[in-house]
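Single-letter residue listing:
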Amino acid sequence: GRWFPRLASALGAGATLLIYGLFLKLYWSRRQAVEQRVLLDLVLDNVDAYVYMKDRERRFSYVNAKMAEAAGLRAEEMVGRRDGEVLPQARADEVWELDRPVLETGQGRSVQHEAVLADGSVRQLWSVKVPVRAAGEVAAVLCVSTDVTDLHQLKARADAASQAKTDFLSNM
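Residues numbered from 1 in each chain as written. Predicted model: local features only at pLDDT ≥ 70, side-chain atom pairs only at ≥ 80, totals over all residues. Heavy atoms only, no water.

Let us look at the sheet that holds strand S4 (residues 122-134). Across a sheet, strands are paired by hydrogen bonds formed along the backbone, either parallel or antiparallel in direction. If you trace the 5 strands from one edge of the open sheet to the other, you get S2-S1-S5-S4-S3, paired in antiparallel fashion. Looking at strand neighbours, the two that pair on one side only are strand S2 (60-63) and strand S3 (109-116), the edges of this open sheet. Each strand axis lies, on average, 25 degrees off the axis of its neighbour in the sheet, ignoring direction. Relative to S2, strand S1 (residues 50-55) runs antiparallel, the two being bridged by 3 bridges. Residue pairing across strands places Met53 opposite Tyr62, the latter belonging to S2. (Pairing = 2+ DSSP bridges. Helix = DSSP H or I, 4+ residues; strand = E, 2+ residues; numbered from the N terminus. Axes fitted to C-alpha atoms, helices over the stretch in contact; angles between N-to-C directions.)

A surface patch of nonpolar side chains, about 480 Å² in accessible area, is lined by Trp3, Phe4, Leu7 and Leu11. On the basis of relative accessible area, Trp3 is assigned to the exposed category, the value being 56%. (Patch = residues over 30% accessible without salt bridge, like charges linked within 9 Å, V, L, I, M, F, W, Y side chains within 5 Å. Areas by Shrake-Rupley, 256 points an atom, 1.4 Å probe, with all protein chains shown as cover. Salt bridge = Lys/Arg side-chain N within 4 Å of Asp/Glu carboxyl O. Buried < 20%, exposed > 50% of the residue type's maximum accessible area, 1.4 Å probe, protein only.)

With a phi close to 70 degrees, Arg58 is a non-glycine residue in the positive phi region. Relative to the elements of secondary structure, Arg58 occurs in the loop between S1 and S2. Judged by relative accessible area, Arg58 falls into the buried class, the value being 14%. Non-glycine residue Ala135 carries a positive phi angle of around 55 degrees. Mapped onto the elements, Ala135 comes out in the loop between S4 and strand S5 (137-147).

A few words now on the nonpolar core. Counting residues in hydrophobic clusters, the biggest one holds 18 residues, and the most contacted among them are Tyr50, Tyr52, Phe60, Val63, Met67, Met78 and Leu87. Elements represented by at least two residues in this core include exactly S1, S2, helix H2 (65-71), helix H3 (75-78) and helix H5 (89-105). With residues near it in sequence (within four places) discarded, Phe60 still touches Tyr52, Met53, Lys54, Met67, Met78, Val79, Gly80, Arg81, Arg82, Asp83, Val86 and Leu87. Residues Trp96, Val102, Leu103 and Val141 belong to the second largest nonpolar core, which totals 5 residues. (Core = buried A, V, L, I, M, F, W, Y, C linked by side-chain atoms within 4.5 Å. Contact = heavy atoms within 4.5 Å.)

Across all of its chains, the model carries 1 aromatic pair by this definition. With a centroid separation of 5.7 Å and 85 degrees between ring planes, the pair formed by Tyr52 and Phe60 is classed as edge-to-face. Phe60 shares its class with Tyr52; the two are buried. (Phe/Tyr/Trp six-rings, centres within 6.5 Å; stacked < 30°, edge-to-face > 60°.)

Glancing now at the pattern of salt bridges. As a working rule, side chains carrying opposite charge can pair if their charged atoms are close by. All chains considered together, the criterion is met by 14 salt bridges. Across the salt bridge formed by Glu104 and Arg100, the nearest N and O atoms sit 3.1 Å from each other. With Glu104 and Arg100 both in helix H5 and 4 residues apart, this pair spans about one turn of that helix. Using a relative accessible area of 54% as the deciding quantity, one classes Glu104 as exposed.

On to the side chain of Asp55, then. Tracing the backbone shows Asp55 in strand S1. There is no salt bridge for the buried Asp55, and the closest opposite charge comes from Arg59, which lies 4.6 Å off by N-O distance. (Lys, Arg positive; Asp, Glu negative; His and termini not counted.)

Our focus in this paragraph is the environment of Tyr20. Examined against the element boundaries, Tyr20 turns out to sit in helix H1 (residues 3-46). A sequence separation of 126 residues divides Tyr20 from Thr146, and the C-alpha atoms of the two residues are 48 Å apart.

Of the strand pairs in this sheet, S1 and S5 are connected by 6 bridges, and their pairing is antiparallel. Within the sheet, the bridge partner assigned to Met53 lies in S5 and is Leu142. Judged from the 10 bridges that link them, S4 and S5 form a sheet pairing that is antiparallel. Paired with Val130 across the bridge in S5 is Leu142. Where S4 hands over to S5, the hairpin turn is made up of 2 residues, of which Ala135 adopts a positive phi near 55 degrees.

This is how it looks when you write it as structure tokens:
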């Protein structure tokens, strides 16, 4: 009879320590995940590219600061919303036609296309789109677009100079 209260007390203390240990482990793993997310956001917000992830319902699950700025919004205002809610519908549909094949085939692709930003400027983008899989299914498309407008303009000037040289030599 005397050992039972002591055993119950010891088991209670052990269970309390076990629960405390589990909560402490959960706290530290959660803290580490938050620190990793902050670091990832820091990197992606400072990379010179437009980055977004969009699901099959055309809902943004991630956008970096540059992508949000191009849409004239903050990243928090875009995440969770459909592309047609944050972009002009015609533009959203154009981008979706580039995104959709990645979701349907599960194959990544690269494409050059024109984009009109929120400020009205027209940019040439080189976009790399890759499937994001969850539970074996393609759940989203991740897109990283680099602005190649300057390169595009340089190539056009070089082509024009080459054509002028060809024309000059053929008229001699």
